[in-house]
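Here is what each chain is made of, one letter per residue.
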Amino acid sequence: GIQVEQSPPDLILQEGANSTLRCNFSDSVNNLQWFHQNPWGQLINLFYIPSGTKQNGRLSATTVATERYSLLYISSSQTTDSGVYFCAGRSGSARQLTFGSGTQLTVLP
Amino acid sequence: ETGVTQTPRHLVMGMTNKKSLKCEQHLGHNAMYWYKQSAKKPLELMFVYNFKEQTENNSVPSRFSPECPNSSHLFLHLHTLQPEDSALYLCASSQAGGGAHNEQFFGPGTRLTVL
């Protein structure tokens with residue numbers, strides 16, 4: 001399967017700040033998802049984005065498939081954005097998603 | 001609410017107990033998954049079912065036994081577990097097939113503690 005690397009591993013922000021989370025993958029992907037895991041463990045789907053750019057409120061994501069990376073942008077962060085952000089990808093030859101190690105985001109009031 | 005439910009949400013069991021985790025999806029999907037998430041670690045895929053047939057078993061010990069009676073329900077039967085099996089167990093569902101359009105949706109998880 002592919003390797004998925006996320007950076008940074010930890011990020012602390014003041015409320016209102018903007019941030020960029022990065023996901024690199026070792027092979028081309030045909031499935032790329034971003035998730036937010038809340039403190040209770042629930043994984044919330046943020047984006048399904050194997051290529052291109054999508055926006056949803058204060059969040060947006062861009063995947064550059066040819067360069068094997070994806071970015072998640074969080075603008076005007078709020079304390080409720082705290083949690084772990086995971087990206088997960090799957091290459092065409094694989095049958096399962098591979099998850100990165102996550103970025104632990106803490107937004108301070 | 002993602003359309004995937006799991007019960008129980010919390011479970012404490014001894015090493016000699018037998019228990020089962022249940023997952024149900026209301027999304028019309030035909031693939032279901034079990035993942036394990038240990039503290040400070042990424043999600044590890046355990047089992048995959050497509051159209052009720054097991055298609056992946058990632059070297060999971062036999063003390064974990066999955067069951068998929070239909071495309072909407074998935075169980076994980078547990079017996080003689082070890083303390084290191086304590087983790088968050090997550091169920092997910094998606095459309096089946098190796099194509100691109102199988103976005104996975106997750107349940108809230110069962111937090112398991114083995115004493």
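Small disclaimer: the values here were computed from a predicted structure and weren't measured.

The rules we used
Position numbers for residues count from 1 along each chain, tracking the sequence in the order it is written. Starting at A for chains and at 1 for ligands, labels are handed out in the order in which the entities are written. Per-residue local features are limited, in this predicted model, to residues with pLDDT of at least 70; the limit for side-chain atom pairs, both in listing and counting, is 80 or more; totals at the level of whole chains, interfaces and linings are taken over all residues. Heavy atoms from the whole structure form the basis of all side-chain values; hydrogens and water molecules are not counted. Residues are treated as being in contact if the distance between any of their heavy atoms lies within 4.5 Å. Buried area: the sum, over both parts, of the accessible surface (1.4 Å probe) that disappears when the two are put together. Salt bridges are identified by distance alone: a Lys or Arg side-chain nitrogen within 4 Å of an Asp or Glu carboxyl oxygen. The term polar contact refers here to a pair of N or O atoms within 3.5 Å; inside protein, the definition further demands a hydrogen-donor-capable atom paired with an acceptor-capable atom, and it admits residues adjacent in sequence only when both atoms are side-chain atoms. Helical segments are the DSSP runs of H or I of at least four residues, strand segments are the runs of E of at least two, and each set is numbered from the N terminus. Nonpolar residues are Ala, Val, Leu, Ile, Met, Phe, Trp, Tyr, Cys and Pro. Charged residues are Asp, Glu, Lys and Arg, and all others, Gly as well, are polar. By convention, a stacked pair of Phe, Tyr or Trp rings (six-membered ring in the case of Trp) has centres within 6.5 Å and planes under 30 degrees apart, an edge-to-face pair has planes over 60 apart, and any other such pair is tilted. Using a 1.4 Å probe on the protein chains alone, a residue whose accessible area is under 20% of its type maximum counts as buried, one over 50% counts as exposed, and one in between counts as partly exposed. Any two strands with at least two DSSP-identified bridges between them are counted as paired. pLDDT gives the predictor's per-residue confidence on a scale running from 0 to 100. Sulfur atoms of two cysteines make up a disulfide when they are within 2.5 Å.

Q: So what exactly am I meant to see when it comes to the interface of chain A and chain B here?
A: How big an interface is tends to be expressed through the accessible area that disappears when the partners come together. Taken together, the 19 residues of chain A in the interface contact 25 residues of chain B. For the pair chain A and chain B, the summed buried area comes to about 1800 Å², and 46% of that belongs to carbon and sulfur atoms. Taken together, chain A and chain B are joined by zero salt bridges. Between the two partners, chain A and chain B, sit nine residue pairs in polar contact (both at pLDDT 80 or more). Elements that contribute at least two residues to the side of chain A that touches chain B include exactly strand 4 (31–37), strand 5 (43–48) and strand 9 (83–90) of chain A. Among the elements that take part in the side of chain A that touches chain B, strand 4 of chain A stands out by supplying four residues, more than any other. Its residues assigned to classes, the side of chain A that touches chain B comprises seven nonpolar, ten polar and two charged.

Q: Sorry if this is basic, but what is going on with the side chain of His73(B) here?
A: All names here are of chain B. With respect to the helices and strands, histidine 73 occurs in strand 8 (residues 73–79). Separated by 3.4 Å, the side chains of histidine 73 and glutamate 24 make a polar contact. Among the polar contacts listed, one links the side chain of histidine 73 to the side chain of asparagine 70, at a separation of 2.9 Å. Ignoring any residue separated from it by four or fewer positions in sequence, one finds histidine 73 in contact with Lys22, Cys23, Glu24, Met32, Glu67 and Cys68.

Q: Before we go on, may I ask you to explain the packing of aromatic side chains in this structure?
A: To describe a pair of aromatic rings, one takes the distance between the centres and the angle between the planes. Residues and elements named next belong to chain B. All chains considered together, the criterion is met by eight aromatic pairs over all chains. With a centroid separation of 5.3 Å and an interplanar angle of 45°, the aromatic rings of tyrosine 35 and phenylalanine 106 are classed as tilted. Here the residue tyrosine 35 occupies a position in strand 4 (residues 31–37), and phenylalanine 106 occupies one in strand 10 (residues 105–106), the gap between them amounting to 71 residues. Relative accessible area serves as the criterion here: at 1%, tyrosine 35 is assigned to the buried category. With centroids separated by 5.9 Å and ring planes inclined at 35°, the aromatic side chains of phenylalanine 64 and tyrosine 89 adopt a geometry described as tilted. Of this pair, phenylalanine 64 sits in strand 7 (residues 64–70) while tyrosine 89 sits in strand 9 (residues 87–94), and the two are 25 residues apart along the sequence.

Q: Mind showing me how you'd approach the pairing of strand 9 of chain A here?
A: Put simply, side chains in a regular strand alternate between the two faces of the sheet. All names here are of chain A. With respect to burial, strand 9 is a largely interior element, eight of its eight residues being buried. With seven bridges connecting them, strand 4 and strand 9 associate as antiparallel partners. Directly across from glutamine 37, in strand 9, lies its bridge partner valine 84. Pairing analysis gives three bridges linking strand 9 to strand 11 (residues 103–108), with the strands arranged antiparallel. From the neighbouring strand, tyrosine 85 faces strand 11, where its bridge partner is threonine 103. Summarising the sheet, strand 9 and strand 10 (residues 98–99) pair through two bridges and their orientation is antiparallel. Each residue of the ladder has a partner; that of glycine 89, found in strand 10, is threonine 98.

Q: What exactly am I supposed to notice about the confidence of the model for chain A here?
A: Do not read the fine detail of predicted coordinates wherever pLDDT is low. In the predicted model, chain A carries a mean pLDDT of 93, and 99% of its residues have values of at least 70. Of all helices and strands in chain A, the one with the weakest mean pLDDT is strand 10 of chain A (92), whereas strand 8 (residues 69–74) of chain A scores best (98).

Q: What am I meant to see in the state of the cysteines here?
A: As used in these notes, a disulfide is a covalent bond between sulfur atoms, one from each of two cysteines. Residues and elements named next belong to chain A. One pass over the structure, following the stated rule, counts two disulfides over all chains. Linked covalently through their sulfurs, cysteine 23 and cysteine 87 form a disulfide whose S-S length is 2.0 Å. Note on the cysteine 23 and cysteine 87 pair: the S-S dihedral is about 75°, so by sign convention the disulfide is right-handed. Of this pair, cysteine 23 sits in strand 3 (residues 19–25) while cysteine 87 sits in strand 9; the two residues are 64 residues apart in sequence, bridging distant segments of the chain.

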